[in-house]
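Listed here are the chains, written in short residue letters.
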Amino acid sequence: MTLKNKITSRDARIGVIGLGYVGLPLAMEFTRSGFNVTGIDIDTEKVEKLSRGENYIQDVKDTDLDHAIQKNLFSASTDFSVIQDLDAISICVPTPLNKQKNPDISFINSVMNSLKDYIHPDMLIVLESTTYPGTTRELILPKLTEKGYVVGEDFYLCFSPERIDPGNKEFGTANTPKVLGGVTKKCGEMGSALYETIVSQVVSVSSPEAAEMVKLLENTFRAINIGLANEVAIMCEKLKIDVWEVIDAAATKPFGYMKFTPGPGLGGHCIPIDPHYLSWKLKALDYDARFIQLAGEINTAMPRHVVNLVRDGLNSQQKSIKGSNILVIGVAYKKNVNDVRESPALDVMKLLQHDGAIVSFFDPYVTEVRLNGSVMKGNKSLSSDFLNQTDAVIIVTDHDSIDFQLIRIESRLIIDTRNVIDGNCSHVVRLGVGNR
Ligand SMILES: NC(=O)c1ccc[n+]([C@@H]2O[C@H](COP(=O)([O-])OP(=O)(O)OC[C@H]3O[C@@H](n4cnc5c(N)ncnc54)[C@H](O)[C@@H]3O)[C@@H](O)[C@H]2O)c1
């Protein structure tokens, strides 16, 4: 049976490499469509958990994992040799930055070294990890042709960026259009045939480079617009205008404007990182990606700006940061998720500790964080007594389940970076408004 026929009949055996925020939801989506899926990860703890039916990704329903395991549609392994029995592989491993803020593609390289011995004719390989234009053709393709296989004839290779938005209740893998570019036309057709079984729409582009660039454009667009919103917030503080009022009014324009809001800085595994992949690639071509650089400067300075607002607020109450008890509300990088990767809350907390504050945090989704090499446990709940004893409360992440009314009533000083505290109270300093 050809791969195309196996896809149509759901006989194709699917592999997902990297079972994190991206890989596990994708694996579940394939099982929901009726495919048999093997998840491969080097993290033995994750593989053991999944083998016991234990889910660790918020966006994956426990019942979906249970169902997939019970129907023998999903298994997890650390052993790459299972690939010899698989027909299609999606690679979803991390693509972080190294210490010099350059792309760290060691995870992709490691996968390719483990995978290359097991590739076989009529196999489809799709890279989903966000990366710089050229990665699929320059890094992946040569490994797959080592045995003499010809791309587009003996095997198929595509890039298809993951667009998952953790915590988004409206859009998940299935109803978010998926962009895909194949190394050859036949590769693109094969990749589309597979993904059309799990997503509402596959948007085919002419090459993996175009697909790689689409993802970087999307996230660079966000980083730059957030940077603009952050800069406008600072301008509004200086002009004594309420930035939230301005943004809400601007957002009533039905065309030519898209709403972005200021905040304490960028977080997560995508927006703070992906634009660097693009600027790094362009640097090699002797071009400075200036928008990216400027947005990066503004966004990374936001935690310091938040700390300055704390300082001003405390000063107005004849207090200093040094020696003050400061409570950070929300340490996840965005609302309603438990992911603290690159979270601006961590930068705010480090800066406050450096300035001599006694820092604590509350986050209904996060029990502990690692800060300056040691583990800090979060408060389990918010009480009136605890808020009363705190000199300043900083709202960094506005999870829906947090009782902001209680915070408003019981706190002595609030720095609100998310515009969630109602009214113009004298003890509230809002980002983009300042200390009134
Ligand atoms: N998290 C998001 O919201 C999101 C959204 C869109 C795109 N992406 C991109 O998707 C990719 C994966 O991100 P993520 O958030 O799922 O990361 P993650 O850290 O949650 O998961 C990656 C998984 O890959 C595993 N892994 C690492 N090296 C491996 C190897 N050599 N072989 C097998 N498994 C290996 C890790 O153990 C981990 O379980 C990244 O390129 C990221 O930029 C992430």
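The structure displayed is predicted, hence computed values, not measured ones.

Peer 1: Is there a simple way to explain the overall build of the protein in this structure?
Peer 2: Helix and strand counts for the protein stand at 15 helices and 15 strands. The C-alpha atoms of the protein give 24 Å as radius of gyration, which agrees with the globular expectation for 436 residues (22 Å, within 12%). Summarising its shape, the C-alpha atoms of the protein cover approximately 75 × 50 × 40 Å along the three principal directions. For the protein, buried positions account for 46% of its 436 residues. Long-range pairs, those at least 24 residues apart, make up 68% of the contacts in the protein between residues at least 6 apart in sequence.

Peer 1: Sorry if this is basic, but what is going on with the domain arrangement of the protein here?
Peer 2: Quite often, the size of an interface is put as the accessible area lost when its parts meet. You can read the domains of the protein as domain 1 (3-206) and domain 2 (245-430). A straight line from the C-alpha centre of domain 1 to that of domain 2 covers 34 Å. Across the boundary between the two partners, domain 1 contributes 13 residues, which contact 14 residues of domain 2. Taken together, the residues of the side of domain 1 that touches domain 2 break down into seven nonpolar, five polar and one charged.

Peer 1: I'm lost on the sheet that holds strand S13 (residues 392-395) in this one. Help?
Peer 2: Where strands meet in a sheet, backbone hydrogen bonds hold them as pairs that are either parallel or antiparallel. Strand order in this open sheet of five strands is S10-S9-S13-S14-S15, and the pairing throughout is parallel. Strand pairing shows two members of the sheet lacking a second neighbour, strand S10 (358-362) and strand S15 (428-430), which therefore form its edges. Taking each pair of neighbouring strands and ignoring which way they run, the sheet shows an average axis angle of 20°. Direction of pairing for strand S9 (residues 325-329) relative to S10: parallel, over a ladder of five bridges. Bridge assignment links Val328 to a residue of S10, and that residue is Phe361. In this fold helix H12 (residues 302-316) packs onto S9, S13, strand S14 (414-416) and S15, with an angle of close to 150° to the strand it touches most, S13.

Peer 1: I tried to follow the site of the ligand on my own but got confused; where do I start?
Peer 2: In the vicinity of the ligand lie 26 residues, with Gly18, Gly20, Tyr21, Val22 and Ser129 positioned nearest. Ranked by residues supplied to the shell around the ligand, first place goes to helix H5 (residues 106-115) with three residues. Residues that form the shell around the ligand fall into these classes: 14 nonpolar, eight polar and four charged.

Peer 1: How should I be thinking about the environment of Pro161 in this particular structure?
Peer 2: With respect to the element layout, Pro161 can be found in the loop between strand S6 (155-159) and strand S7 (178-182). Classification of Pro161 as buried rests on a count of 24 C-beta atoms within 10 Å. Setting aside residues no more than four positions away along its own chain, Pro161 makes contact with Glu128, Thr130, Val179, Ala211, Val214 and Lys215.

Peer 1: Could you clarify how one ought to interpret H5 in this entry?
Peer 2: Because each turn of an α-helix spans 3.6 residues, side chains separated by three or four positions in sequence point in the same direction. Every buried residue belonging to H5 is among Ile108, Val111, Met112 and Leu115, and all of these are buried. For H5, the angular spread of the buried residues around the axis is 100°, confining them to a single face. Of the residues in H5, the exposed ones pointing more than 90 degrees away from the buried face are Ser110 and Asn113. Contacts from the buried residues of H5 go to strand S1 (13-17), strand S4 (88-91) and helix H6 (135-144).

Peer 1: Would you mind showing me how to read the packing of helix H2 (residues 23-32) against helix H4 (residues 62-70) here?
Peer 2: What describes two packed helices is the angle between their axes and the distance between those same axes. Where H2 contacts H4, the axes come no closer than 10 Å and their chain directions differ by 55°. One element, H2, and the other, H4, form an angle in the oblique class. Taken as a pair, H2 and H4 cross one another with a handedness that is left-handed. Between H2 and H4, the contacting residues are Met28, Thr31 and Arg32 on the first element and Asp64, Leu65 and Ala68 on the second.

Peer 1: Is there a simple way to think about the nonpolar core in this case?
Peer 2: Here is a general trend for soluble globular proteins: nonpolar side chains tend to be buried in one another's company. Within the largest apolar cluster, 75 residues are counted, with the highest numbers of intra-cluster contacts made by Ala27, Leu124 and Leu157. Top element by residues in this core is helix H8 (residues 208-239). It accounts for six residues. Counting contributing residues, this core receives three or more from each of domain 1 (3-206) and domain 2 (245-430). Ignoring any residue separated from it by four or fewer positions in sequence, one finds Leu157 in contact with Ile125, Thr136, Ile140, Leu141, Leu144, Val151, Gly182, Val183 and Cys187. Counting residues in hydrophobic clusters, the runner-up holds 46 residues, among them Val310, Leu352, Phe361 and Val433.

Peer 1: What's the story with the environment of Gly39 in this structure? I'm lost.
Peer 2: Here Gly39 lies in strand S2 (residues 36-40). On the basis of neighbour counts, which here come to 28 C-beta atoms within 10 Å, the residue Gly39 falls in the buried class. Taking C-alpha positions, Gly39 is 10 Å from Ser51, a pair spaced twelve residues apart along the chain. What Gly39 contacts, discounting residues up to four positions off in sequence, is Val16, Leu19, Gly23, Ala27, Leu50, Phe74 and Ala76.

Cut-offs and rules
Residues numbered from 1 in each chain as written. Predicted model: local features only at pLDDT ≥ 70, side-chain atom pairs only at ≥ 80, totals over all residues. Helix = DSSP H or I, 4+ residues; strand = E, 2+ residues; numbered from the N terminus. Rg over C-alpha atoms; globule rule 2.2 N^0.38 Å. Buried ≥ 20, exposed ≤ 12 C-beta atoms within 10 Å, placed from the backbone. Contact = placed C-beta atoms within 7 Å. Domains from an automatic or database assignment. Nonpolar A, V, L, I, M, F, W, Y, C, P; charged D, E, K, R; others polar. Pairing = 2+ DSSP bridges. Axes fitted to C-alpha atoms, helices over the stretch in contact; angles between N-to-C directions. Near = placed C-beta within 6 Å. Arc of directions from axis to C-beta. Parallel < 35°, antiparallel > 145°, perpendicular 65-115°, else oblique. Left-handed = near helix turned anticlockwise from the far one by under 90°. Core = buried A, V, L, I, M, F, W, Y, C linked by C-beta atoms within 7 Å.

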